[in-house]
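Residue-level structural notes
Given next are the chains, with one letter for each unit.
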Amino acid sequence: MERAEIKSLLEVIDQQVSSSILGGMDEQYEELENLGYIKINREAVQWSSSITPEGMNFLHNEE
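Scoring rules and cut-offs
- Residues numbered from 1 in each chain as written.
- Predicted model: local features only at pLDDT ≥ 70, side-chain atom pairs only at ≥ 80, totals over all residues.
- Heavy atoms only, no water.
- Helix = DSSP H or I, 4+ residues; strand = E, 2+ residues; numbered from the N terminus.
- Buried < 20%, exposed > 50% of the residue type's maximum accessible area, 1.4 Å probe, protein only.
- Contact = heavy atoms within 4.5 Å.
- Phe/Tyr/Trp six-rings, centres within 6.5 Å; stacked < 30°, edge-to-face > 60°.
- Lys NZ or Arg CZ within 6 Å of the ring centre and 35° of its normal.
- Pairing = 2+ DSSP bridges.
- Arc of directions from axis to C-beta.
- Core = buried A, V, L, I, M, F, W, Y, C linked by side-chain atoms within 4.5 Å.

Below, the discussion takes up the overall build of the protein. In terms of helices and strands, the protein carries three helices and three strands. Along the protein, helices (α) and strands (β) appear in the sequence α-β-α-β-β-α when read from the amino end. A burial count over the protein gives 29% of its 63 residues as buried. Long-range contacts, defined here as pairs at least 24 residues apart, represent 45% of the contacts in the protein between residues at least 6 apart.

Enumeration over the complete set of coordinates arrives at one aromatic pair. Across from the ring centre of tryptophan 47, 5.0 Å away, lies the NZ or CZ of arginine 42, which sits over that ring.

The next thing to look at is the pairing of strand S3 (residues 48-51). As defined by bridge partners, strand S2 (residues 38-41) adjoins S3 across four bridges and the pair is classed as antiparallel. The residue of S3 that forms the bridge with asparagine 41 is serine 48. Where S2 folds back onto S3 in an antiparallel hairpin, the turn is made up of six residues.

Looking at where isoleucine 13 falls in the secondary structure, it is placed in helix H1 (residues 3-14). Residue isoleucine 13 is classed as buried on the basis of its relative accessible area of 1%. For the pair isoleucine 13 and isoleucine 51, spaced 38 residues apart in sequence, the C-alpha to C-alpha distance is 6.5 Å.

What helix H3 (residues 53-61) keeps buried is the set Gly55, Phe58 and Leu59. For H3, the angular spread of buried residues about the axis comes to 95°, placing them on one side. Along H3, the residues that are exposed and aim more than 90 degrees away from the buried face are Pro53 and Asn61.

Another point: the nonpolar core. One finds Ile6, Leu9, Leu10, Ile13, Tyr29, Leu32, Tyr37, Ile38, Ile40, Phe58 and Leu59 forming the largest nonpolar core, which totals 11 residues. Sorting the residues of this core by element identifies H1, helix H2 (26-34), S2 and H3 as the ones contributing at least two each. With four residues, H1 is the single largest residue contributor to this core.

By themselves, these observations are geometric and do not establish any function.
The following block contains the structure:
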């Protein structure tokens, strides 16, 4: 995933309290989780994600 794509997806997640993972986006969300930028809640029927402090740092400090 490219930096611009990562930043765009993190911006969407940041704007929501709990961002639902849309069908077909599982790989991108899992990649963000592997980078430490989000945490995926897999306990709910509809998986959701929340941004981590590392994700906030990337979002606000990367140009």
